[in-house]
Every structure is written in C-alpha cells, then in structure tokens.
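Given next are the chains, with one letter for each unit.
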Amino acid sequence: MSTAPASLPTTPDLPSGSADIRLIVTDMDGTLLDDAKRIPPGLWETLAELRRRGVLFSPASGRQYATLAREFADVAEGMVFIAENGTYVVRDGVELSSDPLDPAVAARIVRAVRGLVVDGIDVGAVVCGKRSAYVERSDEPFLAEVGKYYVQLRVVEDATALDDDVIKVALFDFGSAAHTTAPALAPFTATHQVVVSGEHWVDVMNRTADKGAALRRLQTDLGITPAQTMVFGDYLNDLEMLDAAEWSFAMANAHPDVIARARHLAPSNNDNGVLRTITRVLGLRD
C-alpha cells in the first residue's frame, strides 16, 4: 500500500474523472465538516449529482443515527447511515446491521466511569441505545458537548438499567481522553475495543464492531468492491474503514496514524477536502 507523505497538501497523481466509484463513505467531524461543524458549501448539489450518477453517499460517524438523519433530512431517502462507529447501520429507517453490547458489560463501563468521577476526573458516560442515548450527568456543560452528537438524549437516574439495546458506550472527558480516560479503561481491552475517537471522546464497543466491519458488510450486500469504494477519514476510529477501500483518503489535518494508513491525502476539512477530491476524481464539474 502506498502512503501519502504528510507534507503534501493533496496527492498530486490522482486520475481525474476516470474512476468507477459506486460508494463514497465519509467521516463527519474533522473530515466532511469544518472545525466549526459546518456542512461544506456545495454539498447538496454534489449529492444530487452523485445520486444522478448512481453513486451511493454514506456518512460514517461516531454520531448517533438520529443526529445523522437530521443533518441529512432533505436527502436521506436511500442513503445508508453508518452510525455509532459502525455499531448501527440504517437505511430508510430500517436497520441493516447492528452489534449490541452485552448489558452487563455496558453496566460495568458505567460503574467504572462513576469511579473515575469519584477520583476527580471530569468525565461522563453516554450509553448509546438504538432508540436514544442515556446519561446520568445533567450539568449544562456536559449536556452541551454531548448534545452536539446525540439529538435523542435522555437524562436517567441509573444508566445501568435501560430498556433499550445498547450498541456502544461513549465517554466524554473534558481533559485528554487519550491520556486519562482510555488508560483507565484498560481492563476492558482484553475483551472489547476501547477506541479514542477524538480529543475528548473514547468509545467502548464489541471487538467485532467498527466502521470497517460495517462497511465491508455493506459492500457485500450491495455487490460493491473495494475498488469501487472511496473513503475519507481523519481519526483513529476511521482506520478500519480506510482498509476497506482502494480509494482511501486521509485528510491533511488527520492523525499521523491515519495519514500513514491511507493510500492518498485529501485537502483538510477546513479546505473542503472531501468535496474537492470527489469532484476531481469523478469529474463532476470543471
């Protein structure tokens, strides 16, 4: 696999307008969205053209399905949403695949987070169900951060006793997730994935769950090959889905490990890198 040098603003030798792409999958935060969480200019027009050409566009995010569906509400028909870091995949309101956590494991994670709070760590658990996300913290700063990614959100007294299928437990750490929360969850790494998905976020999921596994199932179901798949990502929870596509792009702002794993480098999220790359490779317009 070729590696795009981190110093390049874009990969210079990309073919223009000749690729047989049938599926485009992109991460949201730090990838499709700019640092202010804004939809890039020209997205809706690009999606209309992709639909006309028969190219499926799929957001793949740690975000909740309800949040993604709301963001793309006007164009959601037929779109596949790879939500919750691949643990829940939905099309037109119908579940295509999911990978629920054992409720006992989810409860253990919640209790571990309670212990971190007692030790003075400013962290909170988000128990991610299919119908809603659930939190025990009700302070405004925490809810404001969580609410950016979970529009279906309920404050509950006990997040270890829920009437919902739990697919992931996400932890928001006001400090460094990589240096504080993730190491504290080391006991879970023997049986589950503990993934740093952002500066302040850690996700705990089944070992079999990630964006790449969800993407490979989708490719099989749709009869689309890795050679017909284009993927964009910026952070560690995107690594596996980059492996599922021959047209894999790290954003210029991506984590170094993501840049090393991808075949190509796209302009940064603040430079509309996803749409600029799609436009160039598929020759959407002059």
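Each chain carries its own residue numbering, running from 1 in the written order of its sequence. Totals for whole chains, interfaces and linings use every residue, but because this is a predicted model, local features are given only for residues with pLDDT of at least 70 and side-chain atom pairs only at 80 or more, for both listing and counting. Heavy atoms from the whole structure form the basis of all side-chain values; hydrogens and water molecules are not counted.

Caption draft 1: Summary view of the packing of aromatic side chains. Any two rings among Phe, Tyr and Trp, with Trp reduced to its six-membered ring, count as a pair given centres within 6.5 Å; such a pair is stacked if its planes are under 30 degrees apart, edge-to-face if over 60, and tilted if neither. All chains considered together, the criterion is met by ten aromatic pairs. Here Trp44 and Phe72 contribute two aromatic rings whose centre-to-centre distance is 5.9 Å and whose plane-to-plane angle is 80°, an arrangement assigned as edge-to-face. You can see Trp44 sitting in helix 2 (residues 43-53) and its partner Phe72 sitting in the loop between helix 3 (65-71) and strand 3 (80-83), a full 28 residues away along the chain. Using a relative accessible area of 37% as the deciding quantity, one classes Trp44 as partly exposed. Relative to Phe174, the ring of Phe172 lies with its centre 4.8 Å away and its plane at 90°, an arrangement referred to as edge-to-face. For helices the rule is a DSSP run of H or I covering at least 4 residues; for strands it is a run of E covering at least 2, with both sets numbered from the N terminus onward. Burial classes follow relative accessibility: with a 1.4 Å probe on protein chains only, a residue under 20% of its type's maximum area counts as buried, one over 50% as exposed, and anything between as partly exposed.

Caption draft 2: Up close: the confidence of the model for the chain. Confidence per residue, as judged by the predictor, is encoded in pLDDT with a range of 0 to 100. Chain-level pLDDT for the chain is 92 on average; 93% of the residues reach the 70-or-more range. In the predicted structure, residues 1-9 sits below a pLDDT of 50 and forms 20 contacts with residues beyond four places in sequence or in another chain. What makes two residues a contact is simply this: any of their non-hydrogen atoms within 4.5 Å.

Caption draft 3: Geometry of the packing of helix 2 against helix 10 (residues 273-282). Axis angles are defined between N-to-C directions and span 0 to 180 degrees, where every axis is a line fitted to C-alpha atoms and, for a helix, only to the segment in contact. At a minimum axis separation of 11 Å, helix 2 and helix 10 run at an interaxial angle of 35°. Classified by chirality, the crossing of helix 10 by helix 2 is left-handed. Across the interface between the two elements, Leu43, Thr46, Leu50 and Arg53 of helix 2 pack against Leu275, Ile278 and Leu282 of helix 10. For this scheme, ten residues count as nonpolar: Ala, Val, Leu, Ile, Met, Phe, Trp, Tyr, Cys and Pro. Four count as charged, namely Asp, Glu, Lys and Arg, and the remainder, Gly too, count as polar. A breakdown of the residues in the contact of helix 2 with helix 10 according to their chemical character gives five nonpolar, one polar and one charged. By definition, turning the near helix anticlockwise from the far helix through less than a right angle yields a left-handed crossing, and turning it clockwise yields a right-handed one.

Caption draft 4: Representation of the pattern of salt bridges within the structure. Definition used for salt bridges: Asp or Glu carboxyl oxygen within 4 Å of a side-chain nitrogen of Lys or Arg. Here the structure, examined in full by the defined rule, presents 20 salt bridges. Here Arg63 makes a salt bridge to Glu71, at a shortest N to O gap of 3.9 Å. Residue Glu71 is classed as partly exposed on the basis of its relative accessible area of 29%. Lys148 is the partner of Glu145 in a salt bridge, and the nearest nitrogen-oxygen pair spans 3.1 Å.

Caption draft 5: How the structure looks around unusual backbone geometry. The residue Lys37 is not glycine, and still its phi comes out positive at about 65°. Relative to the helices and strands, Lys37 is located in the loop between helix 1 (28-32) and helix 2. With a phi angle near 50°, Asp92 is a residue other than glycine that sits in the positive phi range.

Caption draft 6: Highlighting the nonpolar core. Core analysis: the biggest nonpolar cluster contains 29 residues, and Ile24, Phe72 and Met230 have the highest contact counts within it. Sorting the residues of this core by element identifies helix 1, helix 2, strand 3, strand 12 (229-233), strand 13 (247-251) and helix 10 as the ones contributing at least two each. If you tally residues by element for this core, the top one is helix 10, at five residues. Residues within four places of Ile24 in sequence aside, it is in contact with Leu50, Val55, Leu56, Phe57, Ser58, Met230, Phe232, Ile278 and Leu282. We call a set of buried Ala, Val, Leu, Ile, Met, Phe, Trp, Tyr and Cys residues a nonpolar core when their side-chain atoms join them within 4.5 Å.

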